[in-house]
Amino acid sequence: MSNFPIIHRIQGRSLPVNAYVVESSDALVLVDSALTVSDGRAVRDRIRALGKSLVGAIVTHAHPDHYGALIEVIDDTRVPVVALEGVDSAIRRQDADKERILRPMFGDEWPRQRLFPNRTVWDGDSVSFDGISFTVEDLGPGESPYDSIWMLEGTDAVFVGDLVYNHMHAYLADGYWAQWLRNIDTARSVLAPGAVLFPGHGDRATIGQLDWQEHYIRTFIDALMQTREAATSEAAVEQVTAAMKRYLPAEDLLFLMQLSVPPLWAAGRTISTGG
């Protein structure tokens, strides 16, 4: 009996973000990459060590820690890099903004060039790379401006991007939290009870992680609603941090949650004061 496919998880060192390599008897497929040059090169080195051809790549959603380092991993323009049309459009539309934000933060560790998808697909499409086949579910805006999940055909594995974080703090600054909750409901309806979730952050998880993520989002929004009278955004961050650390004491990616507070706090104050 064959042990393939094998799913290799490669977690970044500069940021705990996952790249996955799906290995068959003859070939490899990459699912998401990393953020930084160094972490992208680590993914590339892992692929080379496996000694098989990289025949395709998938980008699950439109956040730069999942596509930014593709240029460091893929050096053959013939390799198909596949994403939903909506994911591809969001990446291209926001690339200049990501350059402006990430260059001061990461310097030369943020790749000078980015590699974008070169093949787009639509909801429900199946894609096969040398016998490694996936089916995509279009989620639309959610954790990022455009999200998707990819089911590895013939297995229970589902690559969920950042639909869930496995017991790490989450990024909510894009503001699509209501859609994110609806996307979690969608995943409940389309995924089998025995699905194994491979998230963008943290180790693999069961379907029960959807419930945990929903409660995390609701806890964040409830805490944020309590800060509308806070004098400053810094005070709001402190309040929300205290609430979220009661829900999840871990520090992993705490800064992403904290970065999410000021823009949503400002928007909430504008709405509540009629500004």
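Structure: above.
Thresholds applied
Residue numbers restart at each chain and count upward from 1, following the sequence in its written direction. At least 70 in pLDDT is required for a residue's local features to be given in this predicted model, at least 80 for side-chain atom pairs to be given and counted, and no such filter applies to totals for whole chains, interfaces and linings, which use all residues. Hydrogens and water are ignored here; the side-chain numbers use all heavy atoms of the structure. For the purposes of this section, nonpolar cores are sets of buried Ala, Val, Leu, Ile, Met, Phe, Trp, Tyr and Cys residues that join through side-chain atoms within 4.5 Å. Residue exposure (1.4 Å probe, protein chains only): buried if accessible area is under 20% of the type maximum, exposed if over 50%, otherwise partly exposed. The secondary structure listing takes helices from DSSP runs of H or I that are at least 4 residues long and strands from runs of E that are at least 2 residues long, numbered from the N terminus. Between two residues, a contact is recorded if the distance between any of their heavy atoms is within 4.5 Å. The pairing criterion is simple: DSSP has to find at least two bridges between the two strands. The axes are straight lines fitted to the C-alpha atoms, using for helices just the contacting stretch, and the angles between their N-to-C directions are given from 0 to 180°.

(A) Up close: the nonpolar core. Judged by nonpolar contacts, the single largest core of 46 residues is most densely connected at Leu163, Phe220 and Val261. Counting residues per element, this core draws most heavily on helix H5 (residues 209–225), which supplies 8 residues. When neighbours within four sequence positions are excluded, valine 261 is seen to be in contact with Phe220, Leu224, Ala236, Val237 and Val240.

(B) A look at the sheet that holds strand S1 (residues 6–11). Reading across the sheet, the 6 strands line up as S1-S2-S3-S4-S5-S6 and stay open at both edges, with mixed pairing between neighbours. Both edges of this open sheet fall to S1 and strand S6 (119–121), since each of them pairs with a single strand only. The sheet shows a mean angle of 25° between the axes of neighbouring strands, taken without regard to direction. Sheet analysis places strand S3 (residues 27–31) next to strand S4 (residues 53–58), joined by 5 bridges and oriented parallel. Counted as the bridge partner of alanine 27 is serine 53 from S4. Running at roughly 100° to strand S5 (residues 81–84), helix H3 (residues 85–106) makes contact with S5 and S6 of the sheet.

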